[in-house]
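Each chain is listed here by its residues.
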Amino acid sequence: MTNLTAPARPQIFERLTLAALGLLLILRIIAVIISPLELYADEAQYWRWGQALEWGYYSKPPMIAWVIHLTTALFGTHEWSVRLAAPLLHTAAAGLIFLTGRAMLDARAGFFAALLYALMPSVVLSSNVLSTDGVLMPFWCAGLYLLWRLRSGEGRWASAALLGGVIGAGMLSKYAMLYFLIGLALACLIDAPTRRAILTPRGLLAGVIAALIVAPHFAWNAANDFATVSHTVDNANLGGDLFNPENALTWFADQLGMFGPVSFLALLAGLFLYRSRRGEEASPERWLLCFILPVLIFILGQAVLSRAHANWTATAYPGAALLVAIWFSRGTALTLWASLGLNLLVAGLFMAMTMLPPASTTDLGLDNAMKRTRGWEASAQQVFAEAERLGATAVLVDEREAWHGLDFYARDRKLPLISWRRYAGPKSFSERQPLEGAIAERVLIASVHADLRPRLRSDFASFEPAGQVRIDLGKRGNGCPISRVFQLYIGEGYNPPERTREWENQFIGEMEFPEPPCPTAAYGG
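Summary of the structure given here. (Residues numbered from 1 in each chain as written. Predicted model: local features only at pLDDT ≥ 70, side-chain atom pairs only at ≥ 80, totals over all residues. Heavy atoms only, no water.)

What follows covers the pairing of strand S1 (residues 394-397). Of the two faces of S1, both are covered, the one formed by Ala394 and Leu396 as well as the one formed by Val395 and Val397. Relative to strand S3 (residues 442-447), S1 is paired through four bridges, and the arrangement is parallel. When the bridges of S3 are listed, alanine 394 appears paired with valine 443. As paired elements, S1 and strand S2 (residues 417-419) share three bridges and run parallel to each other. The residue of S2 that forms the bridge with valine 395 is leucine 417. In this view, the connection linking S1 to its parallel neighbour S2 by way of helix H23 (residues 400-409) has right-handed handedness. (Buried < 20%, exposed > 50% of the residue type's maximum accessible area, 1.4 Å probe, protein only. Helix = DSSP H or I, 4+ residues; strand = E, 2+ residues; numbered from the N terminus. Pairing = 2+ DSSP bridges. Right-handed = clockwise from strand over helix to strand, strands pointing away.)

Turning our eyes to something else, we now look at the sheet that holds S3. In spatial order, the strands read S2-S1-S3-S5-S4; together these five strands make up an open sheet with mixed pairing. Taken across any chain shown, the strands that pair with only one partner, and hence form the sheet edges, are S2 and strand S4 (460-475). Shown here is a sheet whose adjacent strand axes are inclined to one another by a mean of 25°, direction ignored. Pairing of S4 with strand S5 (residues 481-494), which is carried by 13 bridges, proceeds in the antiparallel orientation. Across the sheet, the residue bridging to proline 465 is tyrosine 489, located in S5. Strands S1, S2, S3, S4 and S5 of the sheet are contacted by helix H22 (residues 376-389), whose axis makes an angle of about 155° with S4. In the packing of H23 onto the sheet, contacts are made with S1, S2 and S5, and the angle to S2 comes to roughly 165°. (Axes fitted to C-alpha atoms, helices over the stretch in contact; angles between N-to-C directions. Contact = heavy atoms within 4.5 Å.)

What follows covers the state of the cysteines. For the structure on display, the rule yields one disulfide. The disulfide partner of cysteine 480 is cysteine 518, and the S-S distance across this bridge is 1.9 Å. Residues cysteine 480 and cysteine 518 are joined through a disulfide that is left-handed, its torsion about the S-S bond being -95°. Separated by 38 residues along the polypeptide, cysteine 480 in the loop between S4 and S5 and cysteine 518 in the segment after helix H25 (501-505) bring together distant segments of the chain. For cysteine 480, a relative accessible area of 3% translates into the label buried. Judged by relative accessible area, which is 30%, cysteine 518 ranks as partly exposed. Its sulfur unpaired, cysteine 141 is 17 Å from the next cysteine sulfur, which belongs to cysteine 290. Assessed through its relative accessible area of 1%, cysteine 141 is described here as buried. We note that cysteine 188 lacks a disulfide partner, and the nearest cysteine sulfur, in cysteine 290, lies 9.1 Å from it. (Disulfide = S-S within 2.5 Å.)

Put into structure tokens, the structure is as follows:
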């Protein structure tokens, strides 16, 4: 490539980007369609939300449910149609990153940035399942591109209006879009061109449009006891011991997995190299850091205070892909090729892993990693067959994940599926429907938690064992079997006691039909 003439380079890298992203998209769509993996609980939950379009849901803004509603309306209800948008959305995000890199430096930088993003381990994973991060990313990346255009004096009113639109749509996708507003505020503070572009009537237009788009969602929250906002606050888990410095090591390891080992180490190395850069040449890097460092620093702080899931830093990495590409594409790009090569290897291994039949995953010791996406269809068939055989008026489960799994795979059921309320009111979307009236007459309880069964028993005058449903999910690395076990009971005379601290405490340490420990010696452990 070093022998190419300068005029030819932009066209070559544009074509390379289009070809690479197009090929990845095709492969990812094929992988989604032929994947043997069933939906995991969150995907099933988002599908259920999409059956009734609203401006908000229990724990997330509405965009993911709207997306699933669209794809399943077009293609029917299947695992692959629930997930179909994931590779499309990430490809759109990568394309927007290319446009931003080209605008900031050149098409070569855009090419590397787009592929760094598309082959990030977290994006590889998120392209095979539909998550709120995947839905957010194209809006975040569009925001970076449009804001840079405004900063450069391009687009003007159209760019401002579109910027407001993608900020609003991003907020309807995930509240992590708030980090974009923090980055925007920092960019205005340290970057004069951004300040001149935003502190104008065009910036006001963007703000008004964003506010108009988000307003119905916050009106929905106000009408529903701020359910989504409250869940987001609860998820921070800022109770108990608020200093856990050992979590910083976990955070660091998570980031190696999120961005890719070479990419993340290159980002850290680049931060030290950047300190020696001055003047206008450094302005794109300085601008991008406004959208990277606040996310990484805030989530590191959250991890040390309490906990932080690996994906909470996801919004830092579109900007990080651009930053690393700009830094290292100016030289030999050896670091970029090394990062892309390693990430491509990881992507290939992951795609192959999701295609493997159960017998192969057992041999490779991967069954435990796959267990949440297995056995739900069989679970639904057997549990509801037992309910029909026993003449139940409803099925009651004691786990949110079990409710969502059974809900999707028994979506044509005739009996109501109820999630048991351990506390006075609903604590999850699955608990919205109470057990009351005629459906409470003869309840099949399908319990997966031995320690909750004594509490469940106290809700019924009669609580008789009715067998068991056991679903084989594979084997652990030590040879122990992995099973999803529903202990069955028939409950009658439903009359739950008041949920007081005394009621809760009386069952501490009690269990009913706990699973015996695996005799690992018998399995070669």
